[in-house]
Structure formats: structure tokens, C-alpha cells
Amino acid sequence: MNRYLDSDATLETVFAETLHSEFNWLESVKFKLIFDTKKRISKGRVTLASVELANEKVKFFTTDDVPEGYDCIVVVDALAWQYASDKDKKRIISHELNHVVFNETGKVKLVGHDVEDFAAELQKNVDDPNWANKLADLTLSIYDQQEDQQKGDIIYE
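Residues numbered from 1 in each chain as written. Predicted model: local features only at pLDDT ≥ 70, side-chain atom pairs only at ≥ 80, totals over all residues. Heavy atoms only, no water.

What follows is about the overall build of the protein chain. Each helix and strand in the protein chain was counted, giving six helices and eight strands. Starting at the N terminus and walking to the C terminus, you meet the elements of the protein chain as β-α-β-β-β-β-α-β-α-α-β-β-α-α. Taken along the three principal axes of its C-alpha coordinates, the protein chain extends 60 × 40 × 30 Å. By residue count, 39% of the 157 residues in the protein chain fall in the buried class. Within the protein chain, counting contacts between residues at least 6 apart in sequence, those at least 24 apart form 72% of the total. As displayed, the protein chain has an accessible area near 10100 Å², and 53% of this comes from carbon and sulfur atoms. Charged side chains of the protein chain number 19 positive and 30 negative; the gap between the two group centres comes to 3 Å. (Helix = DSSP H or I, 4+ residues; strand = E, 2+ residues; numbered from the N terminus. Buried < 20%, exposed > 50% of the residue type's maximum accessible area, 1.4 Å probe, protein only. Contact = heavy atoms within 4.5 Å. Areas by Shrake-Rupley, 256 points an atom, 1.4 Å probe, with all protein chains shown as cover. Lys, Arg positive; Asp, Glu negative; His and termini not counted. Charge placed at Lys NZ, Arg CZ, Asp CG, Glu CD.)

Shown next, in the form of C-alpha cells:
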């Protein structure tokens, strides 16, 4: 099984709707959406999704898909997406799009987390400020269960 999978219709739809309704200034950016089937841990937590800039090699390899290749790759944890509510799916995409900006010359760049980002995220999710932690905990527990099951399938001689 490949580690990375193409996006599905749900991811494409949620992404397009969120981009159009909340981040319309980014509609010129070419995004490639993929799922990651492997657990990624960062700072002791499951990574629900990430966004990265496409390097020149990726741009070259993706020119068949879009002219000049993709600008950004959005990687979504497949298991988290499977178990996320519709609202949490939108929150995942919105959070990742918050990292994408244009620099002073109009080139796409990524920004990390800062205090303003954190405050805006809390305000946007005032109805459930702990949504990401809950989804990360659920996702991690499912990964752990799967790993335990795989260990149980091993036959020792």
C-alpha cells in the first residue's frame, strides 16, 4: 500500500468551499491535496494536516497536472479525515490555509504559528476551542489500536 493517496471528492469539496468562502485571495495558488496513511508525530502530537511549498522538482513533475506545476502540497492524515466531523474537516483545511500567504513580491510563502494566528483560531472556533486536541487524541488512539492488532497478528515460533 502506498503511503500517500490522492484526495477524494470530500476533501476536494471541503477544500474548494473553504478556499472560496474564507481565503478567496489564495484562489490563484495551485494546491495539490493528498492523504497520508502513516501516523506523523510532531512535538508529541499527531499531525492532522500540513502544508508545504512545492520545490522546483515537484513543480516539474506536476506540470502534466497544472501549468507550471503545483505551488503547495496539502497533506491530510487519512485516518483523522475519516473520523473528523464535517465541521472539523473544514477547520483542518482552514487552519492549513492560514499558513499560506504572499510575500511582498507576490510569491507564495508559508508562515508558522504566531500569537495572532492562535488568537484568530480561538475566535474562529469559540464553539469548540479544543476540537484539534480531541481529534488528535481520537486519531492517535485508533493508530495505537491498529498497531496493537498488527502485533497480535505476528506469529512467534
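Attention shifts here to the sheet that holds strand E6 (residues 72-77). In spatial order, the strands read E1-E2-E6-E5; together these four strands make up an open sheet with mixed pairing. The open sheet terminates on both sides in strands that have one partner only, identified here as strand E1 (4-6) and strand E5 (49-53). Put simply, the sheet's adjacent strands are angled 30° from each other on average, direction ignored. Direction of pairing for E1 relative to strand E2 (residues 31-36): antiparallel, over a ladder of three bridges. Looking across to E2, one finds that Tyr 4 is bridged to Asp 36. Set on the sheet, helix H1 (residues 9-22) makes contact with E2 and E6; between it and E2 the angle comes to about 135°. (Pairing = 2+ DSSP bridges. Axes fitted to C-alpha atoms, helices over the stretch in contact; angles between N-to-C directions.)

What follows deals with the pattern of salt bridges. Summed over the entire model, instances satisfying the criterion amount to 13 salt bridges. Taking the shortest distance from any N to any O, the salt bridge between Asp 6 and Lys 32 comes out at 3.3 Å. Of this pair, Asp 6 sits in strand E1 while Lys 32 sits in strand E2; the two residues are 26 residues apart in sequence, bridging distant segments of the chain. Taking the relative accessible area as the measure of exposure, Asp 6 reaches 56% and is therefore exposed. Three or more residues are tied together by salt bridges with common partners; here these are Lys 87, Asp 88, Arg 91, Asp 127, Asp 128 and Lys 134. (Salt bridge = Lys/Arg side-chain N within 4 Å of Asp/Glu carboxyl O.)

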